Amino acid sequence: MAIDREAIREHIRGIIVALGDNPDREGLKDTPERVAHMYEEVFEGMNYSNHEISEMFDKTFEDNLDFVQGNQDLVIVRDIDAFSYCEHHLALMYDMKVSVAYVPNGKVIGLSKIARIVDMVSKRLQLQERIGSDIAEIMQEITGSEDVAVLIEGYHSCMSTRGIKKVSAKTQTSTLRGRFQKDVTLQLRLQ
């Protein structure tokens, strides 16, 4: 699915009118184009399925790895910065920190690829819970490991700037797959 910049421009112009402002005034005349360009960037992930993202970032290494089946070897990348947009209000989810962990199954993924997966998955209309599930699914596909955990914490402007207006309310989610669901030792190592 390609992002339709022309439709975005048209609709943003309509929103400006609906808000009671003049889309042709100096400060707003280029706003529809700027928003269309911004949306193309911040929603880039909407162009790709989880499988396509997996194919994009499938860079693994198998050389000289001595991982034993059933072991406690663990790879964790912590505090990956991310932001996304809530699909319920199109409001920003911000100051998100994503931690991704997995137990290698004969190969490891390039560490920067984990951050790129987080970035691409976040660039969709999302729920924080689905961000974790999508990342876990992609990590499982790339690494061949069923043992994946994704921890996310962040703020939601739909809670902090409107409605209940609780500016310090932080949302935490965890997605646990494979041994992370049952193995308390692995869960403790995530902390």
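All of these numbers come straight from a predicted model, not from anything done at the bench. (Residues numbered from 1 in each chain as written. Predicted model: local features only at pLDDT ≥ 70, side-chain atom pairs only at ≥ 80, totals over all residues. Heavy atoms only, no water.)

Undergrad: Please clarify how the nonpolar core should be interpreted in this entry.
TA: The nonpolar side chains of soluble globular proteins are, as a tendency, buried together. If you look at the biggest cluster of nonpolar residues, it comprises 30 residues, and the most contacted ones within it are V98, V100, I117, I135 and M139. Within the residue set of this core, elements represented by two or more residues are β2 (75-86), β3 (92-102), β4 (108-109), α4 (111-122), α5 (128-143) and β6 (148-156). Apart from residues lying up to four places away in sequence, V98 is in contact with V77, R78, D79, I80, A82, V118, I135, V150, L151 and I152. The next biggest cluster of nonpolar side chains, apart from the first, holds ten residues, and it includes I3, I12, I16 and L28. (Core = buried A, V, L, I, M, F, W, Y, C linked by side-chain atoms within 4.5 Å. Buried < 20%, exposed > 50% of the residue type's maximum accessible area, 1.4 Å probe, protein only. Helix = DSSP H or I, 4+ residues; strand = E, 2+ residues; numbered from the N terminus. Contact = heavy atoms within 4.5 Å.)

Undergrad: Honestly, the pairing of β6 in this entry has me stumped. Any pointers?
TA: In summary, the side chains of a regular strand alternate between the two faces of the sheet. Where β3 lies against β6, eight bridges are found, and the strand directions are antiparallel. Pairing of V98 across the sheet is with I152, part of β6. Relative to strand β7 (residues 171-176), β6 runs antiparallel, the two being bridged by six bridges. If you follow L151 over to β7, its bridge partner there is S174. (Pairing = 2+ DSSP bridges.)

Undergrad: Help me understand the packing of helix α1 (residues 5-18) against helix α2 (residues 31-42) in this model?
TA: Packed helices, taken two at a time, are described by the angle their axes make and the gap between the axes. At a closest axis distance of 8 Å, the pairing of α1 and α2 adopts a crossing angle of 130°. The angle between the axes of α1 and α2 places the two elements in the oblique class. Of the two elements, α1 crosses α2, and the hand of that crossing is right-handed. Along its contact with α1, which presents R5, I8, R9, I12, R13 and I16, the element α2 presents T31, P32, E33, V35, A36, H37, Y39 and E40. (Axes fitted to C-alpha atoms, helices over the stretch in contact; angles between N-to-C directions. Parallel < 35°, antiparallel > 145°, perpendicular 65-115°, else oblique. Left-handed = near helix turned anticlockwise from the far one by under 90°.)

Undergrad: Is there a simple way to think about α5 in this case?
TA: Given 3.6 residues per helical turn, the α-helix brings residues three or four places apart onto the same face. Between its first and last C-alpha, α5 extends 23 Å over 16 residues, near the 22 Å set by a 1.5 Å rise per residue. Of all the residues in α5, the buried ones are Q128, I131, G132, D134, I135, A136, I138, M139, Q140, I142 and T143. Just past α5, the residue G144 takes up positive phi, approximately 75°. (Expected span 1.5 Å × (residues − 1).)

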